[in-house]
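These are the residues of each chain, in order.
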Amino acid sequence: MATPVISEVVASLFLVVSQLSGYPPPRAMPEIHVLSSVRLQEELCQGPCGVFAYYLDGRGVFIRDDLDVVNDLKSRSILLHELIHHLQHEHQRFTAMGNCERWYAREEEAYRMQNAYLSSMRTATRFAFDFLPARCRELAPASD
């Protein structure tokens, strides 16, 4: 469960997201689950992986307990990325798309805003999104 300090960070990040994206503030704050890296990996990857945080529609944001979202800009930007997914869910962004295309569009938008946030904070840190949209066609089942 999120601490009051994390809740304050979340509220301030939603203001930033609204300024960057035009999304209105959330109707409801997402639940923030702070988990150990091992537990987070078990929940999402069923084993070791490089995940720092993720968002599940209707369940909230899951974030590693070793991320310092209060004092570390990179960690805060990871939380911001997941909060963008919450707003996308609330506002039903990209729902007309197929699963793969919707996932790609959501990630592309979240990475773009995360990097805009980092840029506005005058840091050279950026996150790369290297999943190619063409992979959606590769992953789709063959049509008859």
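Source: prediction; values computed, not measured.

1. Focus: the confidence of the model for the protein chain
Phase 1 of the analysis: Mean pLDDT over the protein chain works out to 87, with 89% of the residues at or above the 70 mark.
Phase 2 of the analysis: Looking across the protein chain, the model is least confident in helix α5 (residues 134-139), with a mean pLDDT of 56, and most confident in helix α3 (residues 73-90), with 96.

2. As for unusual backbone geometry
Phase 1 of the analysis: With a phi angle near 65 degrees, F94 is a residue other than glycine that sits in the positive phi range.
Phase 2 of the analysis: Position of F94 among the secondary structure elements: in the loop between α3 and α4 (99-120).
Phase 3 of the analysis: You will see that R122, though not glycine, has its phi angle at about 60 degrees, which is positive.
Phase 4 of the analysis: Counting through the fold element by element, R122 comes out in the loop between α4 and α5.

3. Considering helix α1 (residues 4-21)
Phase 1 of the analysis: Counted at 1.5 Å a residue, the expected span for α1 with its 18 residues is 26 Å, and the 25 Å between its end C-alpha atoms agrees.
Phase 2 of the analysis: Buried within α1 are the following residues: I6, V9, V10, L13, F14, V17 and S18.
Phase 3 of the analysis: Contacts made by the buried residues of α1 are with β1 (32-35), α3 and α4.
Phase 4 of the analysis: With its phi angle positive at about 85 degrees, G22 sits one or two positions after the end of α1.

Calculation criteria
Residues numbered from 1 in each chain as written. Predicted model: local features only at pLDDT ≥ 70, side-chain atom pairs only at ≥ 80, totals over all residues. Heavy atoms only, no water. pLDDT = per-residue confidence, 0-100. Helix = DSSP H or I, 4+ residues; strand = E, 2+ residues; numbered from the N terminus. Expected span 1.5 Å × (residues − 1). Buried < 20%, exposed > 50% of the residue type's maximum accessible area, 1.4 Å probe, protein only. Contact = heavy atoms within 4.5 Å.

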